[in-house]
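The residues making up each chain are set out below.
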Amino acid sequence: MRKTAVVIGAGPAGLSAAECLAEAGVKVHVYERTSSPARKFLMAGRGGLNVTHSEDIGKFISRYGEAAERIAPFLREFGPERLRAWCAGLGQETFVGSSGKVFPKSFKSSPLLRAWLRGLAELDVEFHLRHRFDRFDGQQACFESPEGFKAASADAFVLALGGASWPRLGADGGWVEPLRAMGLNSTPLRPANSGFVIPWSEQVSGKFAGQPLKNIRLLLGELSVRGECVVTRNGLEGGAVYAVSRQLAGIVEAGQTPDVRLDLKPDVPVEKLAAKLSRPRGKASLSNFLRKAAGLPPAAIALLRETGALPADPHELAQRIKAAPLDVRGVGGLDRAISTAGGVMWDGLDDTLMAKAFPGLFVAGEMLDWDAPTGGYLLTACFATGRAAGLAAAQWLRNSESR
């Protein structure tokens, strides 16, 4: 008789597991809380889908911090190169950007997802949408659905329920307590790759929200990150911000005040900038003068004004531009965090991602206890652990036939 598997969660990890199981001849049912698969994946591709990174695999693995050793085997098995080859197999060639990040040539997530879902349909993968996971009852997964309570039996299960960031897209961490009840514990879920919370004036929050700050350097104490960010109504978001959000959260949690500064002209030495600011201002307003002499866009000038009265001395003004202090009060919550730190503890799983307390149950993706920076690392680990869980579940089913 054909074996069956239930995959809970239709993000990249869940779909990867489903693909591997179906290719092994298993009948796969995918249960998803929302009305369509991979909603967060689609949201991540709005500004260009960064699927992975092209750097050396050793350096790539180091990006996962404390979880690097545990996640390394899965990344070595299905890392950046294999992920790019998999995309190409779906007709979505990729390219390496100037920063080393890897994108589909279409630059979008929707063509890749459509091709993927077509392939899963050909493999007879069946989707059950609007089914919210509630708990396990013996060997059955229980769901709340539009038709009421439902239970699903299977020979193997893969959990890929995501973390708790952007809960409106499907992942809210509601699985923590049901899994704890069956002996699978988690470390606390908390925001990762989060924006800064800054109490802007109404001038900034009302007029400049959504405006980018490109080619800046963000300074947190001795940490220095080049990149860009975006002004929001309540602070700053973007790659440079996310890169230091974990460190900043730790400072705030310790009851300390973070020293955060913004270098708005990182490629211009302070003396050269001071010389430009020493030119006669004439009848130009200060904003126009800063725009022409220092090359600052309106959003940067607005943020500079948030730091207090601007000094008249050109050298002091140049120093302010090179290290504008930001009144950062903390990081944003899970509702807008890019990803989630914390999750299912590794010691509750074996080397194949199977729960020690529940044979035949595998865990994958963001609900595992790891986190990583943006730049393709998050998606790659979701693909890698999803495939690992799917392959391991298929092997476990084959072994069970001989037991």
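Thresholds applied
- Residues numbered from 1 in each chain as written.
- Predicted model: local features only at pLDDT ≥ 70, side-chain atom pairs only at ≥ 80, totals over all residues.
- Heavy atoms only, no water.
- Helix = DSSP H or I, 4+ residues; strand = E, 2+ residues; numbered from the N terminus.
- Buried < 20%, exposed > 50% of the residue type's maximum accessible area, 1.4 Å probe, protein only.
- Contact = heavy atoms within 4.5 Å.
- Expected span 1.5 Å × (residues − 1).
- Bend = angle between axes of the 7 residues up to and from the residue.
- Pairing = 2+ DSSP bridges.
- Axes fitted to C-alpha atoms, helices over the stretch in contact; angles between N-to-C directions.
- Phe/Tyr/Trp six-rings, centres within 6.5 Å; stacked < 30°, edge-to-face > 60°.

Undergrad: Describe the side chain of Ser145, naming the residues involved and giving the relevant values.
TA: Here Ser145 is to be found in strand 8 (residues 140–145). Assessed through its relative accessible area of 13%, Ser145 is described here as buried. Those residues within four positions of Ser145 in sequence are excluded, and the remaining contacts are Arg130, His131 and Lys150.

Undergrad: Describe the side chain of Gln92, naming the residues involved and giving the relevant values.
TA: Locating Gln92 in the fold gives a position in the loop between helix 5 (80–89) and strand 4 (94–96). What Gln92 contacts, discounting residues up to four positions off in sequence, is Cys87, Ser106, Pro111 and Leu112.

Undergrad: Could you give an account of helix 9 (residues 239–253), naming the residues involved and the relevant values?
TA: Counted at 1.5 Å a residue, the expected span for helix 9 with its 15 residues is 21 Å, and the 22 Å between its end C-alpha atoms agrees. Where helix 9 bends most, at Ser245, the angle is about 50 degrees. Among all positions in helix 9, only Ala240, Val241, Tyr242, Val244, Ser245, Leu248 and Ala249 are buried. Residue Gly255 follows helix 9 closely and has a positive phi angle near 80 degrees.

Undergrad: Could you give an account of the sheet that holds strand 20 (residues 361–363), naming the residues involved and the relevant values?
TA: As a general point, the strands of a sheet are linked pairwise by backbone hydrogen bonds and lie either parallel or antiparallel. One open sheet holds the five strands; their spatial order is 6-2-1-10-20, and the pairing between them is parallel. In the strand order of this sheet, the two ends are held by strand 6 (126–128) and strand 20, each with one partner. The mean angle between the axes of side-by-side strands here comes to 20 degrees, regardless of whether they run parallel or antiparallel. The pairing of strand 10 (residues 156–159) with strand 20 spans three bridges and is parallel. Bridge pairing in strand 20 links Val158 to Phe362.

Undergrad: Could you give an account of the sheet that holds strand 9 (residues 148–153), naming the residues involved and the relevant values?
TA: Here we have three strands laid out as an open sheet, ordered 7-8-9, and antiparallel in their pairing. With one partner strand each, in any of the chains shown, strand 7 (132–137) and strand 9 form the two edges of the open sheet. Each adjacent strand pair in this sheet contributes to an overall mean axis angle of 30 degrees, direction not counted.

Undergrad: Quick one: what's the story with the packing of aromatic side chains, residue by residue and with numbers?
TA: Evaluation of the coordinates by the stated rule reveals 15 aromatic pairs. Taken together, a centroid distance of 6.0 Å and an interplanar angle of 45 degrees make the contact between Phe60 and Tyr64 tilted. An identical accessibility class is assigned to Phe60 and Tyr64; each is buried. Consider the rings of Phe136 and Phe157, whose centres lie 5.2 Å apart with planes at 90 degrees: the pair is edge-to-face. Highlighted residues: Phe136 in strand 7 and Phe157 in strand 10, separated in sequence by 21 residues. By relative accessible area, which is 13% here, Phe136 ends up buried. With a relative accessible area of 2%, Phe157 lands in the buried category. Through a chain of ring-to-ring contacts, three or more aromatic side chains come together here, namely Tyr31, Phe133, Phe136, Phe143, Phe157 and Phe358.

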